[in-house]
Amino acid sequence: MNRKTQAHLMRFIIHLSAAITVAALAFIVIYIIIRGVPNLSSSLFALEYTTDNVSMFPAIITTLVVVLLTLLIATPLGIFTAFYLVEYAKKGSTVVDIIRVTTETLQGIPSILYGLFGMLFFTVFLGMGYSIISGVLTLSIMVLPLIIRSTEEALIAVDDSLRQGSFALGAGKLRTIIKVVLPVATPGILSGVILAIGRCVGETAALMFTLGTATAMPTGLLSSGRTLALHMYVLSTEGLHVNESFAVGFVLIILTLLINSLSEYVSRRFVEGGK
């Protein structure tokens with residue numbers, strides 16, 4: 001097989017893989033839309049959940065609260081850790097190697113193990129019970145490696161000549177990071193944050209063991225609840241409200257798109273403002 005044939009074959013495989021991926025995603029979305037939209041009703045957005053209306057409104061509020069609090073905890077920790085690894089730590093340091101191996105290992109752990117850890121440590125040992133704070137702290141540990149790695153890769157991608165030029169002009173380490181490195185790395189950092197948001201919105205296993213499955217509107221950090229994804233899972237497994245679970249799935253897709261669109265908008269405005 002000559003090189004030209006190999007190139008055509010590789011191009012065909014790449015295009016076929018992309019087509020299969022897009023087709024699978026489109027099939028899932030269209031199927032959920034077809035099954036979910038006809039089952040949407042005003043009762044699904046009632047302020048209070050009952051066994052008759054199986055309202056998702058408390059779950060929507062809980063989802064937004066959980067995502068916001070998780071980002072407030074995990075984002076600063078992840079970004080500052082990545083800046084330490086890239087900008088301050090010594091090259092080839094044992095501490096750096098340990099942190100990187102740890103984050104890579106944590107990324108591959110199934111979410112149900114995070115849930116079991118959160119239940120044993122936050123829920124039982126610390127006495128937080130099934131609560132929003134238990135779920136938030138568990139999710140923060142889950143998404144922290146993702147934010148660290150994405151931020152680290154974004155910082156590594158910044159050309160060293162930019163740093164050296166800033167130092168040559170008399171700028172210090174911190175000023176170089178804030179004025180030179182951070183604006184260039186911001187798109188990559190925010191991409192990791194957006195991925196973390198997606199994982200928080202779609203998580204069920206970890207939250208089932210920490211957040212609980214209460215249907216009431218959250219009244220505080222120690223109150224139990226359920227996110228939209230967990231609400232959809234419970235409805236589908238009960239077998240009594242399968243149609244409503246598809247409606248919840250459709251709303252979950254819309255909510256995810258809105259959150260991602262808002263994140264992209266904030267990312268663009270932040271980058272444009274830094275120029």
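Residues numbered from 1 in each chain as written. Predicted model: local features only at pLDDT ≥ 70, side-chain atom pairs only at ≥ 80, totals over all residues. Heavy atoms only, no water.

**Quick word on helix α2 (residues 57-88)**
Next up, step 1: For α2, with 32 residues, the first-to-last C-alpha span of 45 Å sits near the 46 Å given by 1.5 Å per residue.
Next up, step 2: Largest kink in α2: about 25°, centred on Leu71. (Helix = DSSP H or I, 4+ residues; strand = E, 2+ residues; numbered from the N terminus. Expected span 1.5 Å × (residues − 1). Bend = angle between axes of the 7 residues up to and from the residue.)

**What to know about unusual backbone geometry**
Next up, step 1: Positioned with a positive phi, Val54 is a non-glycine residue whose angle comes to about 40°.
Next up, step 2: Along the polypeptide, Val54 turns up in the loop between α1 (3-36) and α2.
Next up, step 3: By relative accessible area, which is 1% here, Val54 ends up buried. (Buried < 20%, exposed > 50% of the residue type's maximum accessible area, 1.4 Å probe, protein only.)

**As for the nonpolar core**
Next up, step 1: In this structure, Met56, Leu155, Ile197 and Leu228 are the most contacted members of the largest nonpolar core, which totals 46 residues.
Next up, step 2: Contributions of two or more residues to this core are made by α2, α5 (132-156), α7 (173-202), α8 (205-208), α9 (228-238) and α10 (242-274).
Next up, step 3: Sort the elements by how many residues they give to this core and α2 lands first, with 10 residues.
Next up, step 4: What Leu155 contacts, discounting residues up to four positions off in sequence, is Ala82, Phe83, Val86, Arg163, Val181 and Ala185. (Core = buried A, V, L, I, M, F, W, Y, C linked by side-chain atoms within 4.5 Å. Contact = heavy atoms within 4.5 Å.)

**Details of empty space enclosed by the protein**
Next up, step 1: One pass over the full model with this rule turns up one cavity of 30 Å³ or more.
Next up, step 2: By volume, the largest cavity amounts to about 40 Å³.
Next up, step 3: What lines the largest cavity is simply Tyr49, Ser55, Pro58, Ala59, Thr62, Ala214, Thr215, Ala216, Gly225, Arg226 and His231.
Next up, step 4: The element best represented in the lining of the largest cavity is α2, accounting for three residues.
Next up, step 5: When its residues are assigned to classes, the lining of the largest cavity shows five nonpolar, five polar and one charged. (1 Å grid on protein atoms, 1.4 Å probe; cavity = no way out; pocket = protein on both sides within 12 Å on 5 of 7 lines; lining within 4 Å. Points joined across faces, edges and corners; volume = space filled by probe spheres on them. Nonpolar A, V, L, I, M, F, W, Y, C, P; charged D, E, K, R; others polar.)

**So, a nonpolar patch on the surface**
Next up, step 1: Together, Leu9, Met10, Phe12, Ile13, Ile14, Leu16 and Ile20 make up a nonpolar patch on the protein surface, roughly 680 Å² of accessible area in all.
Next up, step 2: When you line up the elements, Met10 lands in helix α1. (Patch = residues over 30% accessible without salt bridge, like charges linked within 9 Å, V, L, I, M, F, W, Y side chains within 5 Å. Areas by Shrake-Rupley, 256 points an atom, 1.4 Å probe, with all protein chains shown as cover. Salt bridge = Lys/Arg side-chain N within 4 Å of Asp/Glu carboxyl O.)

**Thoughts on the packing of aromatic side chains**
Next up, step 1: The tally for this structure, following the rule as stated, stands at six aromatic pairs.
Next up, step 2: Each ring, one from Phe121 and one from Phe122, has its centre 5.1 Å from the other, and the planes form 75°; the classification is edge-to-face.
Next up, step 3: Its relative accessible area of 31% is what places Phe121 among the partly exposed residues.
Next up, step 4: Their ring planes at 15° and their centres at 5.8 Å tell us that Phe121 and Phe125 sit as a pair that is stacked. Here the residue Phe121 and the residue Phe125 both occupy positions in helix α4 (residues 111-125), the gap between them amounting to four residues, near one helical turn.
Next up, step 5: Classification of Phe125 as exposed rests on a relative accessible area of 64%.
Next up, step 6: Taken together, the ring pairs connect Phe117, Phe121, Phe122 and Phe125 into an aromatic cluster.
Next up, step 7: Cation over ring: Lys173 sits above Tyr88, and NZ or CZ is 5.8 Å from the ring centre.
Next up, step 8: The side chain of Arg226 reaches across the aromatic face of Tyr49, ending 5.8 Å from its centre. (Phe/Tyr/Trp six-rings, centres within 6.5 Å; stacked < 30°, edge-to-face > 60°. Lys NZ or Arg CZ within 6 Å of the ring centre and 35° of its normal.)

**Section: the pattern of salt bridges**
Next up, step 1: As enumerated under the stated definition, the model contains seven salt bridges in all.
Next up, step 2: Between Lys173 and Glu87 there is a salt bridge whose closest N-O contact spans 3.9 Å. Placement of the pair is Lys173 in helix α7 and Glu87 in helix α2, with a sequence separation of 86 residues.
Next up, step 3: The partly exposed category is assigned to Lys173, whose relative accessible area is 33%.
Next up, step 4: Here Arg149 makes a salt bridge to Glu152, at a shortest N to O gap of 2.9 Å. In this pair, Arg149 and Glu152 both sit in helix α5, three residues apart, roughly one turn of the helix. Of the two residues examined, Arg149 and Glu152, each falls in the buried class.
Next up, step 5: Members of the salt-bridge network, linked through shared partners, are Arg100, Glu104, Arg149, Glu152 and Glu153.

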